[in-house]
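What the coordinates show
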Amino acid sequence: MLLKMIGKWNPHRIQIARYFVRSFASNIKENHEKVNFDSISAAYGYKSNRELFRGWFVFKLCSYSSLVDRLSQLLPISRKILGQQLFEYIIRSTLYGHFVAGTNKAELKPIVDRLRKHNVKLILDYSMESDVPSNKQGKLESSVLHHSNENTYNDNLLKSIKNVQTAAELFGSSAITAVKMTAFVSPDILQKLNRFLETEHQSSTKNTILETASNTSIISKNELAEVEHLIKRMNRIVQEVKKHNGRIFIDAEQSYFQTAIHKFVLELQEQYNRDSLIVYNTYQCYRKTTLNLLRQDLIRSKNNNFHIGIKLVRGAYMDQERQLAIAMKSIDPIHPNFLTTTECYHRAFIEVLEHAKEKNATKTHVIIASHNEDTVQFVTKTMDSMNVKRDDGLVSFATLFGMCDYLTFPLAAVGYDAFKLAPYGPISSLLPYLTRRAQENRAIFAKAEKDRRLHYKALRERI
C-alpha cells in the first residue's frame, strides 16, 4: 500500500519525504535544546501587558476580511472625519504601533535593546516603493522623465543611505537593511525593461541591464538616462552598505518588474559579493519559474566564484498577480495552491543546502522568511538531517515585526539565528505599507488563530 502511494508522488515530493523520514528515523543524539513554538514566556516575555492587548486586538481586527478589503478606503475617510491628530493617535495605538518599529532611530533603539536581550535582531526597512497604475499593468506605456520624479528618487536614495547608517549605528557589522528597487526608478520604465527581457529571452544573456536597455528601441533616450540613474543609485546604496560592513536585501516585487529586478541584483552580487556576502536576492516560491531560476543562480555563483545570499519567501502579491493574469488572458505565473508553493519552498531550501555542502558553505547564506510553522519545522528538521549547525552562519530565520513572535523568539532562545524585518518611518508614509501588508497577507491574518490565542493567553496569565 505504501509503495503504491509513493509511486504516485513526483520526484520532488519523494526527495522531500526522504529528508523527513531520515530526520525522524535518525538515532543520533542531539546536543541542542528542542524549540518550543508554544512557549508563551519565550515568545512574549519581552512585551508589556499593553502591547499584548494591542497585539490581540489588532489580529482580531485583521481577521475580518471585509474590514481589510476596505482599509484603503476607510483610512482616508477616517482621517478626514477624525482630524489628523486624533487619526494618528488611533493608528499609532493599533496598526502602526503593532507592525511598525517606530519613526526614527530614537524610537528604534529601545526596541533593539529589548530584542537583543532575547538574541533577536532587526532588519531595518525604511519602506519605500512604487507601482504602475492598475490600468497600465498590462501595457507598455510611454514614460517621460520628469524632474519632480528625479527629486523623489534622489530623496529616496538619501533616505536609504540614512537607513544603512542607522542600522550600522544600532547593530555594527551585523546590520542588515532592505530596499525595493521601485523606490529609485519610474515603475513604467522598469516594466518596459522587464517585458523586453521576458519576450526576447534576454534575462540569461551576458549583457548587463544597461546594455540590454541600450539595445531595445522601446526604451527612449530619456528612459535610458533614468535606467543609468537607477544603476548609480543602487550602486551608491550598496557601496554605503559595504563601507559599514553590512548586508542588504533587494526585495522581490510584482511579476511585471521581477525579471528585470532579479537580473540587476545578480549583477550587483557578482560585483560586490566577491570577498564577502553583501547583497541578497529574493526568491518568491509562489512563482512557477523560481526553482529553475534558483538552480541557475546557484550554478552561476559557483562558476563565477561569488558569495550568494538568498532570501526565500512565499510571495506577497498573489491577488494582484491572479487578477492581472485574468485581465491579460495570460498564463497565471504563480502556483495553483498553497501546497504546491510549499513544495517549491521546501525543495528550494534543500537545493541551497546541497549547493552549500558541495561548495564552501561560508559563501552561502539563506534567510527563511516564512510565517508558516510547518515550513519552519521542516527547515529545522532538514538542518538536523543534513548536519547543519544552528550557529554556522548558513541558515537564518526572519518574520515581519509584529507577526509570529511564537516562531522567532523560541528559535532564538535555542540558538538559531533569528531576525525581525522591521519597517519604520513617519505614519503618513507607512499608511500605504500597512494597507498593502494587511491585504497581501489576508490569508495569514485570517488563519492567525494561534497568534491571537497566544497573545490572549499570555495576557490572561499575567492578569
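Look above for the structure.
Just so you know, these numbers come straight off a predicted model, no measurement behind them.

One key point about sheets: their strands pair by backbone hydrogen bonds, in either a parallel or an antiparallel sense. What the 8 strands build is a closed barrel, ordered 1-2-3-4-5-6-7-8; its pairing is parallel. On average, each strand axis in the sheet is inclined to that of its neighbour by 30 degrees, with strand direction left out of account. Against the sheet, helix 9 (residues 105–116) engages strand 1 (120–125) and strand 8 (417–423), with an angle of about 150 degrees to strand 1. Strands in contact with helix 17 (residues 338–358) are strand 5 (308–313), strand 6 (364–369) and strand 7 (395–400); relative to strand 6, the strand with the most contacts, it is inclined by about 160 degrees.

Among the 9 residues in helix 19 (residues 405–413), 8 count as buried, and that is most of the element. Positioned one or two residues after helix 19, G415 has a phi angle of 105 degrees, which is positive.

Further remarks concern the side chain of Q269. Relative to the assigned elements, Q269 resides in helix 14 (residues 255–272). Other than its neighbours up to four places away in sequence, Q269 contacts R274, V279, Y280, N281, F306, I308 and G309.

On to the nonpolar core. Ranked by size, the top nonpolar core spans 41 residues in total, and within it I310, L312, F349, I368, V395 and F397 carry the most contacts. Among the elements that make up this core, the one with the highest residue count is helix 17 (8 residues). Excluding anything up to four places from it in sequence, I310 contacts Y280, N281, Y283, L294, L298, V352, H365, V366 and I367. Counting 35 residues, the second-largest nonpolar core is a separate cluster that includes F184, A260, F264 and I278.

We now examine the state of the cysteines. Inspection of the entire model under this criterion finds 0 disulfides. Here C285 is not disulfide-linked; the sulfur of C344 is the nearest cysteine sulfur, at 4.4 Å. Relative accessible area serves as the criterion here: at 0%, C285 is assigned to the buried category. With relative accessibility at 6%, the residue C344 sits in the buried group.

The next subject is unusual backbone geometry. Peptide bonds are mostly trans, and most non-glycine residues show a negative phi. At N119, a position not held by glycine, the phi torsion is positive, near 65 degrees. For N119, the position within the fold is in the loop between helix 9 and strand 1. The backbone of C404 sits at a positive phi, close to 55 degrees, despite the residue not being glycine. Tracing the sequence through the fold places C404 in the loop between strand 7 and helix 19. You can call C404 buried: its relative accessible area is 3%.

As enumerated under the stated definition, the model contains 9 aromatic pairs in all. Consider the rings of Y46 and F409, whose centres lie 4.4 Å apart with planes at 15 degrees: the pair is stacked. With Y46 in the loop between helix 3 (40–44) and helix 4 (49–62) and F409 in helix 19, this residue pair connects regions lying 363 residues apart in the sequence. Per residue, the accessibility class of Y46 equals that of F409, and both read buried. With 6.1 Å between their ring centres and 85 degrees between their planes, F59 and F99 make a pair best called edge-to-face. Here F59 is found in helix 4, whereas its partner F99 is found in helix 8 (residues 95–99), with 40 residues between them in sequence.

Right, let's talk about a nonpolar patch on the surface for a bit. Taken together, the side chains of F53, F57, L61, Y64, L67 and L74 make up a nonpolar region of the molecular surface, amounting to roughly 500 Å² of accessible area. Top element by residues in the nonpolar patch is helix 4. It accounts for 3 residues. Structurally, the position occupied by L67 is in helix 5 (residues 65–69). Using a relative accessible area of 30% as the deciding quantity, one classes L67 as partly exposed.

Moving on, we get to the pattern of salt bridges. On inspection of all chains with the given rule, the structure shows 22 salt bridges. Linking E270 and R274 is a salt bridge whose minimum nitrogen-to-oxygen distance equals 4.0 Å. For R274, a relative accessible area of 37% puts it in the partly exposed group. In this structure, D405 and K420 form a salt bridge, with 2.8 Å as the shortest nitrogen-oxygen distance. One end of the pair, D405, is in helix 19; the other, K420, is in strand 8, with 15 residues separating them in the sequence. A relative accessible area of 1% means that D405 is categorised as buried.

Criteria and thresholds
Residues numbered from 1 in each chain as written. Predicted model: local features only at pLDDT ≥ 70, side-chain atom pairs only at ≥ 80, totals over all residues. Heavy atoms only, no water. Pairing = 2+ DSSP bridges. Helix = DSSP H or I, 4+ residues; strand = E, 2+ residues; numbered from the N terminus. Axes fitted to C-alpha atoms, helices over the stretch in contact; angles between N-to-C directions. Contact = heavy atoms within 4.5 Å. Buried < 20%, exposed > 50% of the residue type's maximum accessible area, 1.4 Å probe, protein only. Core = buried A, V, L, I, M, F, W, Y, C linked by side-chain atoms within 4.5 Å. Disulfide = S-S within 2.5 Å. Phe/Tyr/Trp six-rings, centres within 6.5 Å; stacked < 30°, edge-to-face > 60°. Patch = residues over 30% accessible without salt bridge, like charges linked within 9 Å, V, L, I, M, F, W, Y side chains within 5 Å. Areas by Shrake-Rupley, 256 points an atom, 1.4 Å probe, with all protein chains shown as cover. Salt bridge = Lys/Arg side-chain N within 4 Å of Asp/Glu carboxyl O.

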